Amino acid sequence: MSDTLSTSTRTTPSWLAWAALGVVYVVWGSTYLAIRFTVESMPPLLSGGLRFVIAGLVLVLAVLVLAGRGALRMTRAQLGSAVLIGLLLPAWGNGMVVIAEQHLASGLAALLVASVPLYVVVLRRVLGERPPLVTAIGVAIGGVGLAVLLLGGPAEGAHGSAGWAPWLVLLAALGWSIGSVASTRLPVPANPFALSAVEMVAGGTAMVVVGLVSGERMNLAQVTAGSWLAWSYLILFGSLLAFSSYVFVLGKLPVSTVATYAYVNPVIAVLLGFLLAGEQFGFVQLAGGLVVLVAVIVVVRAEQRPKPEPPCGEMSVPDGKVRL
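**Some words on the overall build of the protein chain**
Of regular secondary structure, the protein chain possesses 13 helices and zero strands. Reading the secondary structure of the protein chain in the N-to-C direction produces α-α-α-α-α-α-α-α-α-α-α-α-α. Counting across all 324 residues of the protein chain, residues that qualify as buried make up 49%. Across the protein chain, contacts joining residues at least 24 apart in sequence account for 92% of those joining residues at least 6 apart. Just so you have it, the protein chain exposes about 15500 Å², and 69% of that area is on carbon and sulfur atoms.

Okay, structure coming up:
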């Protein structure tokens, strides 16, 4: 699989790369609405956990068939890192979002999750890095936007509204940010598909265990056709197609172009929530969301500026990792 990706870099038509980026835009933006429809009649943690476990096992099978057993080889340290990141991203990050979306509009959840790049900058500062002044200004703007969003009150989710739901999404975004930073600093498997498979299986298993311990049960007789359809969409498109498209497009288009998904996804989510679920947002909420998106654009573009050339006699070696 990795050989196929590398050898096809210059032979794939450019339109295919743009089509793949379009998949990331729309599918990742639509997953918030799909989660809303899923939790209407499915328990949040069980449905979310099973989604990731199934998708992860399918990805393992795909890696075995297309790349061979060697692509799944990893050291104990790499395996441990993959499991830890899985607990931070799918389990902590996505798990809290699916719980919150029972009582929070999908579009508002997406706007709150857009704070991830802002969290990442703060975490990097805590770890000793010094982001540029423009980045710091973007984080400050984002903080104002998040405050406005929270003051606007929660928009209703599948089971009404709750004041704690927006805060839970912000906590989910923190977990996703910690996992994102950890993935750039810990030893991980060389094959990104193998890494993703372990993350999804580990995170999904943790969600299932927590769901069962907390009393969740799957009553198949009560699950609606809409929830089954949305859940299947999350497995096939959200967890498999969109991720594969993201990995593919990273090798085809500039990172600065690919990173635009961070502020396109919330727009897609808000529009779909309004059109397909009748979600309503007040002026204050829309204003706060706009401020957050502006802040994310400022941070992403500031972080993508070329680094200063190293002094003569030194060599700069990029690590090839996406920071946001």
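Structure shown, so let's carry the discussion forward.
**Regarding the environment of methionine 218**
Tracing the backbone through its elements, the reader meets methionine 218 in the loop between α9 (192–213) and α10 (225–250). As a C-alpha pair, methionine 218 and leucine 46 span 172 residues in sequence and 7.4 Å in three-dimensional space.

**Overview of the pattern of salt bridges**
A full pass over the atoms with the stated rule returns three salt bridges. Here glutamate 279 and arginine 36 are joined by a salt bridge, their closest N and O atoms 3.0 Å apart. Placement of the pair is glutamate 279 in the loop between α12 (261–277) and α13 (283–303) and arginine 36 in helix α2 (residues 14–38), with a sequence separation of 243 residues. With its nearest N and O atoms 2.9 Å apart, the salt bridge here joins glutamate 129 to arginine 124. For glutamate 129, a relative accessible area of 25% corresponds to the partly exposed category. Its relative accessible area of 11% is what places arginine 124 among the buried residues. If you follow the salt bridges from partner to partner, you end up with Arg124, Glu129 and Arg185 in one network.

**Brief notes about the packing of helix α3 (residues 44–67) against helix α4 (residues 76–100)**
With their axes 9 Å apart at the nearest point, α3 and α4 run at an angle of 140 degrees to one another. The angle between the axes of α3 and α4 places the two elements in the oblique class. Of the two elements, α3 crosses α4, and the hand of that crossing is right-handed. Contacts between α3 and α4 involve Pro44, Leu45, Arg51 and Phe52 from the first element and Pro90, Asn94, Gly95, Val98 and Ile99 from the second.

**A look at α2**
Taking 1.5 Å per residue as the helical rise, α2 with its 25 residues ought to reach 36 Å, and the 35 Å between its terminal C-alpha atoms agrees with that figure. For α2, the principal kink sits at threonine 31 and spans about 35 degrees.

**Observations regarding empty space enclosed by the protein**
In total, this model carries one cavity of 30 Å³ or more according to the counting rule given. Roughly 40 Å³ of volume is contained in the largest cavity. For the largest cavity, the full set of lining residues is Ile35, Thr38, Ser47, Gly48, Arg51, Val98, Trp231 and Leu234. A total of three residues in the lining of the largest cavity trace back to one element, the largest contributor, which is α3. Looking at the lining of the largest cavity residue by residue, the classes come out as four nonpolar, three polar and one charged.

**Focus on the environment of alanine 190**
Tracing the chain through its elements places alanine 190 in the loop between α8 (165–183) and α9. For alanine 190, a relative accessible area of 80% puts it in the exposed group. C-alpha separation for the pair alanine 190 and arginine 73, spaced 117 residues apart in sequence, amounts to 9.0 Å.

**Regarding the nonpolar core**
Among the nonpolar cores identified, the biggest contains 63 residues, and Leu104, Leu108, Leu112, Leu149, Val169 and Val296 are the most heavily contacted of them. Top contributing element to this core by residue count: α8, with seven residues. In contact with leucine 112, other than residues within four places in its own chain, are Leu104, Leu146, Leu149, Pro166, Val169, Leu170 and Ala173. Ala20, Val24, Leu253 and Val258 belong to the second-largest nonpolar core, a separate cluster that totals 10 residues.

**Here we look at the packing of aromatic side chains**
The full count for this structure, using the stated rule, is three aromatic pairs. Considering the side-chain rings of tryptophan 228 and tryptophan 231, the 5.8 Å spacing of their centres and the 70 degrees angle between planes classify their relative orientation as edge-to-face. With tryptophan 228 and tryptophan 231 both in helix α10, this residue pair falls three residues apart, about one helical turn. By relative accessible area, tryptophan 228 is classed as partly exposed at 33%. Residue tryptophan 231 is classed as buried on the basis of its relative accessible area, which comes to 12%. A ring pair is formed by tyrosine 233 and phenylalanine 237, whose centres lie 5.0 Å apart and whose planes are at 20 degrees; its orientation type is stacked.

**Re the packing of α3 against α9**
Where α3 contacts α9, the two axes come as close as 7 Å, and the packing angle between them is 155 degrees. One way to sum up the angle between α3 and α9 is to call them roughly antiparallel. Read as a crossing pair, α3 and α9 show a hand that is left-handed. Partitioned by chemical class, the residues of the contact of α3 with α9 number 19 nonpolar, seven polar and no charged.

Reading the values: rules and limits
- Residues numbered from 1 in each chain as written.
- Predicted model: local features only at pLDDT ≥ 70, side-chain atom pairs only at ≥ 80, totals over all residues.
- Heavy atoms only, no water.
- Helix = DSSP H or I, 4+ residues; strand = E, 2+ residues; numbered from the N terminus.
- Buried < 20%, exposed > 50% of the residue type's maximum accessible area, 1.4 Å probe, protein only.
- Contact = heavy atoms within 4.5 Å.
- Areas by Shrake-Rupley, 256 points an atom, 1.4 Å probe, with all protein chains shown as cover.
- Salt bridge = Lys/Arg side-chain N within 4 Å of Asp/Glu carboxyl O.
- Axes fitted to C-alpha atoms, helices over the stretch in contact; angles between N-to-C directions.
- Parallel < 35°, antiparallel > 145°, perpendicular 65-115°, else oblique.
- Left-handed = near helix turned anticlockwise from the far one by under 90°.
- Expected span 1.5 Å × (residues − 1).
- Bend = angle between axes of the 7 residues up to and from the residue.
- 1 Å grid on protein atoms, 1.4 Å probe; cavity = no way out; pocket = protein on both sides within 12 Å on 5 of 7 lines; lining within 4 Å.
- Points joined across faces, edges and corners; volume = space filled by probe spheres on them.
- Nonpolar A, V, L, I, M, F, W, Y, C, P; charged D, E, K, R; others polar.
- Core = buried A, V, L, I, M, F, W, Y, C linked by side-chain atoms within 4.5 Å.
- Phe/Tyr/Trp six-rings, centres within 6.5 Å; stacked < 30°, edge-to-face > 60°.

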